[in-house]
Amino acid sequence: MSPALGQVAEMTALDVGGPPTLSRAGPDRSYPAMPVWAGVSGAATLVAVASSLVSVGAGVLVAVVGFGAVVGVADVVWRRIPNVVCVSMAVLAVGFGLVFDSVLLSWVVIGALGTCAPVLVLHLINPTWVGFGDVKYLAALGALLGVLYWPAGMVVLWVASVAAVLSRPWVPPAWRRAVPLGFWLSVASVPVVDVVLVVQ
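Residues numbered from 1 in each chain as written. Predicted model: local features only at pLDDT ≥ 70, side-chain atom pairs only at ≥ 80, totals over all residues. Heavy atoms only, no water.

## Here we look at the packing of helix α3 (residues 34-51) against helix α4 (residues 56-78)
Stage number 1. In contact at an axis separation of 6 Å, α3 and α4 are set at 160° when each is read in the N-to-C sense. Here α4 runs roughly antiparallel to α3, going by the angle between their axes. Of the two elements, α3 crosses α4, and the hand of that crossing is right-handed. From α3, Trp37, Val40, Ser41, Ala44, Thr45, Val47, Ala48 and Ser51 reach across to α4, where they touch Ala58, Gly59, Val62, Ala63, Phe67, Val70, Ala74 and Trp78. (Axes fitted to C-alpha atoms, helices over the stretch in contact; angles between N-to-C directions. Helix = DSSP H or I, 4+ residues; strand = E, 2+ residues; numbered from the N terminus. Parallel < 35°, antiparallel > 145°, perpendicular 65-115°, else oblique. Left-handed = near helix turned anticlockwise from the far one by under 90°. Contact = heavy atoms within 4.5 Å.)

## Re the packing of aromatic side chains
Stage number 1. Counted according to the given criterion, the structure contains 6 aromatic pairs.
Stage number 2. Seen from their ring centres, tryptophan 37 and tryptophan 78 are 5.9 Å apart, and the 85° between their planes marks the pair as edge-to-face. Taken together, the residues span a long stretch of sequence, with tryptophan 37 in helix α3 and tryptophan 78 in helix α4 at a distance of 41 residues.
Stage number 3. Ring centres 5.8 Å apart and planes at 65° place the aromatic pair phenylalanine 96 and phenylalanine 100 in the edge-to-face group.
Stage number 4. The class for phenylalanine 96 is buried, based on a relative accessible area of 3%.
Stage number 5. The class of phenylalanine 100 is partly exposed, set by a relative accessible area of 21%.
Stage number 6. Among the aromatic side chains, those forming a connected cluster through ring pairs are Tyr31, Trp37 and Trp78.
Stage number 7. In this structure, arginine 80 packs its charged tip against the face of tyrosine 31, placed 3.9 Å from the ring centre. (Phe/Tyr/Trp six-rings, centres within 6.5 Å; stacked < 30°, edge-to-face > 60°. Buried < 20%, exposed > 50% of the residue type's maximum accessible area, 1.4 Å probe, protein only. Lys NZ or Arg CZ within 6 Å of the ring centre and 35° of its normal.)

## Section: the confidence of the model for the chain
Stage number 1. Mean pLDDT over the chain: 86, with 85% of residues reaching 70 or higher.
Stage number 2. Model confidence for the chain, summarised as mean pLDDT per element, is weakest for helix α2 (residues 22-25) at 35 and strongest for helix α7 (residues 132-146) at 96.
Stage number 3. The model gives residues 13-27 a pLDDT under 50, and that stretch makes 22 contacts with residues more than four places away or in other chains. (pLDDT = per-residue confidence, 0-100.)

Spelled out as structure tokens, the structure:
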């Protein structure tokens, strides 16, 4: 495990002085209902599918931006990552793998497993280090990026970890106690996809 990822694990753990979690404060009534997330995810999926008519790379880029924006907002505001978003991303990745001859389904699977594995280990060791929502999002993101290049998800995880550590002096105090990893993953995924598309 890289030092940056280890630091993020420590920073992600919620301490007593951190923001209230679901278990301590009860359900957050401001959190949007599932149909809202399903509608947003459906819209992002449709736009990504339409963009894939140009190229599969365009479809992946639009999906990363659209779903990433949803996850970033949800993680920062409510400190949760909607399950329906992760499922939609994974289904879209598999769909791209089935439709496009240039996409290897094995890359989708390897991308998902390889990207979420390090964080899953941290979660199993101590669930307060990294939430399971981050693990699910990493699996979905790794699958989607695996459509283009299977190691891309692991690069995103590394870039997001470094960004979270380096930005610590300038972020809000609450972020220093509990890093919104989903937000940083969403931010890091866009330039990584851009680089992959340029190189390809």
